[in-house]
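The chain contents come next:
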Amino acid sequence: MISREKFISQTKCCDHPGESLFDIPREEVYPEPYRPFGKMGDHEKLLFSTVSLALLNCSLPESTAIVLVTPEGSLRTDVAFMNSVRDNFPRPALFAATLPSAPISELSIPFKLKGANRIIADNNESDGFLNALFLLEKEETDAVVLAYLAPNNGEGYAVAVIIEKVEDGIASITFDITDNSEDKTDTVFRNAVAALRGRNNFSIPVIKGTINLKVNAK
Amino acid sequence: MNDLILRTAGCITPLGNSVETTDALINGTSIVLPCEYKGLTVSLAQFDSEEKRDIPALIEYLQRETGSLNEYNSPDTLFIYAVAKGDISPVEKDELPEESLLSHQVDLWKEQLGLDQCNTLTISNACASGIAAVDTARDYLNHQLYKTVIIAGVDLISEFTVTGFHSLSAISPEGAKPFDKNRTGMTLGEGAGILVIEKGSAKSGDITVPGSATTNDANHRTGPSRDGAGLADAMNRAIKSAALIPSDIGAVKCHGTATPYNDAMEAKALFTVFGENQPAAVSLKGAIGHLSGAGSIVETVLSSQFLKRRTIPGTAGFEESDLPEPIKISNEPQEFSQSAVVVSAAGFGGLNSALILREVV
């Protein structure tokens, strides 16, 4: 039974239009000095910052799983690495980041998250949510970090949702999947993303609710 | 009706389709060769012609083995594209980068396979993508969201990947020697594979996928953990989810990249899971190379053949162990009697994965 959710957006994305999206001071998102922060690429920095904010005052168990939805994948890093090949100076650090899954280690290492990982490299954010719930149903998973990463040429954003399992869970998100229409799965994550897209100045909204998973067989 | 049945499985490697590749592996054939590639001294396991790197041609070849998938073309089927880089040629050619988006590649596959009515999902867990896709498919099927899940993946040798792994000093100039004390690095390979999984009542002779799991080392961006705990955890979870115990496992298809840290990590993981009662273990990468994201699909297809024959091949390139634990790496074909095998894979980002294949007897 899943009984609590938090929707937390990354505050710095649109606070100062015109400033670099990825110019995020570490101390504003992560309390401890963290050397790799300065070396992170755009994707990783945005995702790390978002999840750091989501995890403020929140301690997760090692078994926490990560589901990352990343429609663009590593495309811009791919192009940057290929340019370095054309310049006859292929950069190994860039190559290591030419995978949609590359940002995962920027979450798993600092936050010590050793659970399951699913990286969805397309625009199926609702499937991201569904996969988070699949994982939470498993005995070994007590929490999931669900992240949506959309760098979108420097105008983008990231969203992180922390979903935890608690023993006295009581209510539900209902998935209407009795047909195969596009919105057959959930609308919650899709609506959250849509709402965040339309806002110019993010606060850190924390929506606590009680949810429960209902999956209808066809 | 609670079994997840591997209805169809097919692959293409430089050694041929799944049956031809299995025969060649058991006969000790390797396609790994030292060569010069764009001025770099490397080892590769390549197709013998450029035409075979054409995605439509590859898919057509795959369908010669799997048969037409038209019967699955319905909204009751989910098509999962499991991939690390797939076809990176549009980026290499400086074409519209959008052409390289994995979501663009999945559309090409869907169209070519005649699966236009299916929903799609792209899973990209680095070199563990194939098993992560199977793990995901099992959830969709167990929740009865779909009747069938088709998983496909491809990875091709390219200037992008060869230059990249060479820049990391990861490629052997002579050929991968997994688990061997004289290893000198990995060998890149290429190929593609397809798995069709359905929920139903398995009958004798069917191969099922009763367990799977993924974990993260939380240790290093590109290197594996030093203690193997993450991979051991994935294997233990997969075995447990299949309602089996370690002694039910007849063989392990290892990730086996032939890098020192990977080989040592896997030895520790295997010892953690199986202790003194080690099953025979094999790496295929000394024979067909490392197929990146498609690797664990192709190796799952081949492992289903090994399971049918109750035989794993020898590990090409392996002669003398320097491993920290006494595991049983095969240096010649090994028979086993149990009806289940473990297929494992790991990837950049500390990603670990394992699945169980079981034949119903």
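Preceding this section is the structure that the text describes.
A few points on the structure.

Basis of the calculations
- Residues numbered from 1 in each chain as written.
- Chains lettered and ligands numbered in written order.
- Predicted model: local features only at pLDDT ≥ 70, side-chain atom pairs only at ≥ 80, totals over all residues.
- Heavy atoms only, no water.
- Helix = DSSP H or I, 4+ residues; strand = E, 2+ residues; numbered from the N terminus.
- Buried < 20%, exposed > 50% of the residue type's maximum accessible area, 1.4 Å probe, protein only.
- Areas by Shrake-Rupley, 256 points an atom, 1.4 Å probe, with all protein chains shown as cover.
- 1 Å grid on protein atoms, 1.4 Å probe; cavity = no way out; pocket = protein on both sides within 12 Å on 5 of 7 lines; lining within 4 Å.
- Points joined across faces, edges and corners; volume = space filled by probe spheres on them.
- Nonpolar A, V, L, I, M, F, W, Y, C, P; charged D, E, K, R; others polar.
- Patch = residues over 30% accessible without salt bridge, like charges linked within 9 Å, V, L, I, M, F, W, Y side chains within 5 Å.
- Salt bridge = Lys/Arg side-chain N within 4 Å of Asp/Glu carboxyl O.
- Lys, Arg positive; Asp, Glu negative; His and termini not counted.
- Charge placed at Lys NZ, Arg CZ, Asp CG, Glu CD.
- Phe/Tyr/Trp six-rings, centres within 6.5 Å; stacked < 30°, edge-to-face > 60°.
- Lys NZ or Arg CZ within 6 Å of the ring centre and 35° of its normal.
- Pairing = 2+ DSSP bridges.
- Contact = heavy atoms within 4.5 Å.
- Axes fitted to C-alpha atoms, helices over the stretch in contact; angles between N-to-C directions.
- Buried area = accessible area lost by both parts, 1.4 Å probe.
- Polar contact = N/O pair within 3.5 Å; in protein donor to acceptor, adjacent residues only side chain to side chain.
- Expected span 1.5 Å × (residues − 1).

Before going further, it helps to examine the overall build of chain A. In terms of helices and strands, chain A carries 7 helices and 7 strands. If you list the helices and strands of chain A from N to C, you get β-α-α-β-α-α-α-β-α-β-β-β-α-β. In chain A, which comprises 218 residues, the share counted as buried stands at 57%. Accessible surface, chain A as shown: approximately 9,100 Å² in total, 47% of it carbon and sulfur.

In this section: the layout of surface pockets. When its volume is computed, the largest pocket comes out at roughly 1,000 Å³. Mapped onto the lining of the largest pocket, the elements with two or more residues apiece are α2 (42–54), α3 (75–86) and α4 (92–95) of chain A together with α6 (159–167), α8 (260–274), β15 (340–347) and β16 (351–359) of chain B. Sort the elements by how many residues they give to the lining of the largest pocket and α8 of chain B lands first, with 4 residues. A class-by-class count of the residues in the lining of the largest pocket yields 20 nonpolar, 19 polar and 9 charged.

A cluster of acidic side chains, namely Asp 94, Glu 95, Glu 98 and Glu 99 of chain B, defines a negative patch on the protein surface. For Glu 99 of chain B, the location among the structural elements is in the loop between α3 (89–92) and α4 (102–112).

To continue, consider the packing of aromatic side chains. Residue and element names in this part refer to chain B. Under the criterion given, the structure shown has 9 aromatic pairs over all chains. Centre to centre, the rings of Phe 165 and Phe 348 are 6.2 Å apart; their planes meet at 55°, and the pair counts as tilted. Of this pair, Phe 165 sits in helix α6 while Phe 348 sits in the loop between β15 and β16, and the two are 183 residues apart along the sequence. A relative accessible area of 9% places Phe 165 in the buried class. A residue is classified by how much of its surface remains accessible, and Phe 348, at 18% relative accessible area, is buried. Positioned over the ring face of Tyr 261 is Arg 226, at 3.6 Å from the centre of the ring.

A word on the sheet that holds strand β2 (residues 33–37) of chain B. Residues and elements named next belong to chain B. Spatially, 3 strands are ordered β2-β3-β7 in an open sheet, and the strand pairing comes out mixed. The two strands at the open ends of the sheet, each matched to only one other strand, are β2 and β7 (188–189). Where β2 lies against strand β3 (residues 40–45), 5 bridges are found, and the strand directions are antiparallel. For Glu 36, the partnering residue across the bridge sits in β3 and is Thr 41. Each of β2, β3 and β7 is contacted by α6, which is oriented at about 120° to β3, the strand it contacts most.

A separate point is the interface of chain A and chain B. Interfaces are often described in size by the accessible area the parts lose on coming together. On the side of chain B, 53 residues touch chain A, which itself brings 53 residues to the contact. In total, about 4,300 Å² of surface goes out of reach between chain A and chain B, with carbon and sulfur atoms giving 57% of it. Remark: the boundary between chain A and chain B carries 6 salt bridges. In this structure, Asp 135 of chain B and Arg 118 of chain A form a salt bridge, with 2.9 Å as the shortest nitrogen-oxygen distance. Connecting chain A to chain B are 23 residue pairs in polar contact (both at pLDDT 80 or more). Secondary structure elements with two or more residues in the side of chain A that touches chain B: α3, α4, α5 (104–111), β3 (117–120) and α6 (125–136) of chain A. Ranked by residue count, the leading element in the side of chain A that touches chain B is α3 of chain A, at 7 residues. Looking at side-chain class alone, the side of chain A that touches chain B contains 26 nonpolar, 10 polar and 17 charged residues.

What follows deals with α8 of chain B. All names here are of chain B. With 15 residues, α8 ought to run about 21 Å at 1.5 Å a step, and its terminal C-alpha atoms sit 21 Å apart, in line with that. Listed in full, the buried residues belonging to α8 are Asn 262, Asp 263, Met 265, Glu 266, Ala 267, Ala 269, Leu 270, Val 273 and Phe 274. The elements touched by buried residues of α8 are α7 (229–241), β10 (249–253), β11 (280–282) and β15. The positive-phi residue at the C-terminal boundary of α8 is Gly 275, with phi of around 55°.

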